[in-house]
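# Secondary and tertiary structure notes
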Amino acid sequence: MTRKKLRENIFLMLFRKDFYDDEALKQQLEIFDKELEGASEEEHEYINKKAADVIAKTEELDKEINERADKWNTARMGKVELTLLRLGYYEMKYDDDVPVSVAINEAIELAKKFGGDNSASFVNGVLARMTDEK
């Protein structure tokens, strides 16, 4: 599986976060993992670990996003955009294997695929404001 596809699956797992309580989310993530076709054991572990890491840091990530999303608040953002901002910022701040420019570009590409007409520019704008962090 390519890194792009791994990231897309992480996004799809994370997208569920704001729709379920902790117990139901755990069940949803297990279902998603079981239905993930064509992934090796190593890829399953990578996807699950990264999704769990982002979920564990959601409060911190949201705080940073709120500070930089001019005139926006995570409570008002679309779920696609918010999930991509969380994943993108997590990669920028915590994943040394992912260059900042790649984290931003991949978040933009996912926004184009899963978001609305303005999603890509919104995600780009917010993540660009966060580049001073790394």
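As a reminder, the structure under discussion sits directly above these lines.
Residues numbered from 1 in each chain as written. Predicted model: local features only at pLDDT ≥ 70, side-chain atom pairs only at ≥ 80, totals over all residues. Heavy atoms only, no water.

The first and last C-alpha atoms of helix 6 (residues 100-114) sit 21 Å apart over 15 residues, in line with the 21 Å expected at 1.5 Å per residue. All of the buried residues along helix 6 are Ala103, Ile104, Glu106, Ala107, Ile108, Leu110 and Ala111. Its buried side turned inward, helix 6 meets helix 1 (3-15), helix 5 (79-94) and helix 7 (119-129). (Helix = DSSP H or I, 4+ residues; strand = E, 2+ residues; numbered from the N terminus. Expected span 1.5 Å × (residues − 1). Buried < 20%, exposed > 50% of the residue type's maximum accessible area, 1.4 Å probe, protein only. Contact = heavy atoms within 4.5 Å.)

Before going further, it helps to examine the pattern of salt bridges. The tally for this structure, following the rule as stated, stands at 15 salt bridges. Residue Lys49 pairs with Asp53 through a salt bridge whose shortest N-O separation is 2.8 Å. Separated by four residues within a single helix, Lys49 and Asp53 lie in helix 3 (residues 41-56), roughly one turn from each other. On the basis of relative accessible area, Lys49 is assigned to the exposed category, the value being 53%. The class of Asp53 is partly exposed, set by a relative accessible area of 22%. Its salt-bridge partner being Lys50, residue Asp95 comes within 2.8 Å of it at the nearest N-O pair. (Salt bridge = Lys/Arg side-chain N within 4 Å of Asp/Glu carboxyl O.)

Now for the nonpolar core. In this structure, Leu85 and Leu127 are the most contacted members of the largest nonpolar core, which totals 38 residues. Elements that contribute at least two residues to this core include exactly helix 1, helix 2 (22-35), helix 3, helix 4 (58-68), helix 5, helix 6 and helix 7. Broken down by element, the residue count for this core peaks at eight residues, all from helix 5. When sequence neighbours within four positions are dropped, the list of residues in contact with Leu85 reads Ile65, Met77, Phe122, Val123, Val126 and Leu127. (Core = buried A, V, L, I, M, F, W, Y, C linked by side-chain atoms within 4.5 Å.)

The subject of this paragraph is the side chain of His44. Tracing the sequence through the fold places His44 in helix 3. For His44, the side chain forms a polar contact with the main-chain oxygen of Ala39, separated by 3.5 Å. Other than its neighbours up to four places away in sequence, His44 contacts Asp33, Leu36 and Ala39. (Polar contact = N/O pair within 3.5 Å; in protein donor to acceptor, adjacent residues only side chain to side chain.)

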